[in-house]
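Working through the structure, step by step
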Amino acid sequence: MRPNVCRACRPPQPLKQLFLTPPSPSARRSYAVNAPGGTIFQVFNRRTKWLQKERSAFNVEQSRQADYLKDEVAIRLCERLLDVKRHFPRVLDLGANSCNIARALTRPNPDPDPANPTSPPIADKITELICADSSGSLLYRDADLPFNTSTPMKITRHVLTDEETVPFEAGSFDMVMSSLSLHWINDLPGVLTQINHLLKPDCPFIGAMLGGDTLFELRTSLQLAEQERKGGISPHMSPLADVRDVGGLLQRAGFKMLTVDIDDIIVDYPDTFALMQDLQAMGENNAILGREMGAISRDVLLANEAIYRELHGNEDGSIPATFRIIYMIGWRESDDQAKPLPRGSGEINLKDFLEQK
Amino acid sequence: MQPKTRPIQRFAQAVSKCSAEAAVYGKCIVADYNSVHRDKCAKEFMKLKDCYLAASKGAK
């Protein structure tokens, strides 16, 4: 019976035809493909991350209180849209957390300018915003708040099975945004490639992620504390992408006209416990695969508090925590886009030109 | 209903009463943080821990 089963699952048309008709770019199903033979390096436990986000959303009040960082980054990210003079019919927010981008978009008067006292919310540029996140509880946490209906922008929520496989049609979005969730993705090149395929030609991807020296204070003091108390260290902080890496990643994913910049946000906390509690309330706890299971021991926490204060503490008794945000903008390739001239086609010597002045 | 105090908050409160001991321990580590090994500042840490234990007992 086995050969029959095999015949049944063969494609109906002859194989030759499959190769002869090239699929049109928009209809093609695209998958993010890594270099053949290359393995995707698994760093984070996606299920743990999902659990942590669900748990953080469970305590609504605390979770809203700890949203200050995500709201601030979303506002800064959306301000970049003020420069794009265009209307976006369909926009995706990938890794939406609690729809912080939607909240930032609907904020009244986003562009305080003395010449122009009231500016319309940025949401006026968008017809439909689709907020997608794997954690349903976090996504729907603020579904009843007024910002959902305060502007004509339609907000749709979509629960993803996993942020690493995006289930939308290729070439169906006029913009993709992402704020503070890409740093938990295992296969960043793959996800960026998928985002590139989701976009229509000449449409932007605008994203922000934590990177570089984020929380370096906590990283160093925890390492010292564990080294002294236990004689070894275990990973407490995610490996993060650097600014240099992000440029390369975007290029590799096929984006054009890249802009990458960074922004440091330093938040002061009364003590390390407040910092860690807030990180937990944000759903940003440690989710590295090789981490030590269970809570950090009290001895290490005690030592960490003392070392953090001594090494990084402010004079007024508070402790600083640095969040380094990497903003990235990339455009889907299109024929009518401005392109760099071919190499060697310049006719003016830049050195002469600059020395003339 | 008053929300329950989380253990970490009680812990933080007790630790905050030992800032002098914490500073001594912190200085011991930071003085030479390139060669930290196990129990490098065990004596200072035990003082900090004794203070914390006393403080957490007093709080109850």
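The present account deals with the structure reproduced in this document. Nothing here was measured: the structure is a model prediction, and the numbers come from that model.

Broken down by element type, chain A carries 13 helices and seven strands. Within the span of chain A, comprising 357 residues, buried residues form 49% of the whole. A sequence separation of at least 24 residues applies to 85% of the contacts in chain A between residues at least 6 apart. For chain A, the exposed surface amounts to about 18600 Å²; the carbon and sulfur share of it is 56%.

Attention now goes to the state of the cysteines. Within this structure, the stated rule accounts for two disulfides over all chains. Sulfur-sulfur distance for the disulfide between C18(B) and C51(B) comes to 2.0 Å. With the S-S dihedral at roughly -95°, the linkage between C18(B) and C51(B) falls on the left-handed side. One end of the pair, C18(B), is in the loop between α1 (7-16) and α2 (19-30); the other, C51(B), is in helix α3 (residues 42-59), with 33 residues separating them in the sequence. Of the residues examined, C18(B) reaches a relative accessible area of 0% and is grouped as buried. Covalently, C28(B) is tied to C41(B) through a disulfide, its sulfur atoms 1.9 Å apart. The sign of the -85° torsion about the S-S bond sets the C28(B)-C41(B) disulfide as left-handed. Residue C28(B) is located in helix α2, and its partner C41(B) is located in the loop between α2 and α3; the two are separated by 13 residues in the primary sequence. Among the cysteines of chain B that take part in disulfides, numbered as they appear in the sequence, the pairing is 1-4, 2-3. Of the cysteine sulfurs around C78(A), a residue in no disulfide, the closest is that of C131(A), at 10 Å.

Every α-helical turn comprises 3.6 residues, leaving residues that sit three or four positions apart pointing alike. Residue and element names in this part refer to chain A. Burial runs high along helix α8 (residues 188-198): ten of the eleven residues are buried. The set of residues buried in α8 consists of L188, P189, G190, V191, L192, T193, Q194, I195, N196 and L198. The elements touched by buried residues of α8 are β1 (88-94), β4 (175-179), β5 (204-210) and α10 (243-252). For α8, the N-terminal cap is D187; the gap from its side-chain oxygen to the backbone nitrogen of G190 is 3.1 Å.

A few words on the interface of chain B and chain A. At the interface, 26 residues of chain B touch 21 residues of chain A. Remark: the boundary between chain B and chain A carries three salt bridges. A salt bridge links R229(A) to D39(B); the shortest N-O distance between them is 3.5 Å. Between chain B and chain A we count ten residue pairs in polar contact (both at pLDDT 80 or more) in total. Elements with a contribution of two residues or more to the side of chain B that touches chain A: α1, α2 and α3 of chain B. If you tally residues by element for the side of chain B that touches chain A, the top one is α2(B), at seven residues.

Calculation rules
Residues numbered from 1 in each chain as written. Chains lettered and ligands numbered in written order. Predicted model: local features only at pLDDT ≥ 70, side-chain atom pairs only at ≥ 80, totals over all residues. Heavy atoms only, no water. Helix = DSSP H or I, 4+ residues; strand = E, 2+ residues; numbered from the N terminus. Buried < 20%, exposed > 50% of the residue type's maximum accessible area, 1.4 Å probe, protein only. Contact = heavy atoms within 4.5 Å. Areas by Shrake-Rupley, 256 points an atom, 1.4 Å probe, with all protein chains shown as cover. Disulfide = S-S within 2.5 Å. Polar contact = N/O pair within 3.5 Å; in protein donor to acceptor, adjacent residues only side chain to side chain. Salt bridge = Lys/Arg side-chain N within 4 Å of Asp/Glu carboxyl O.

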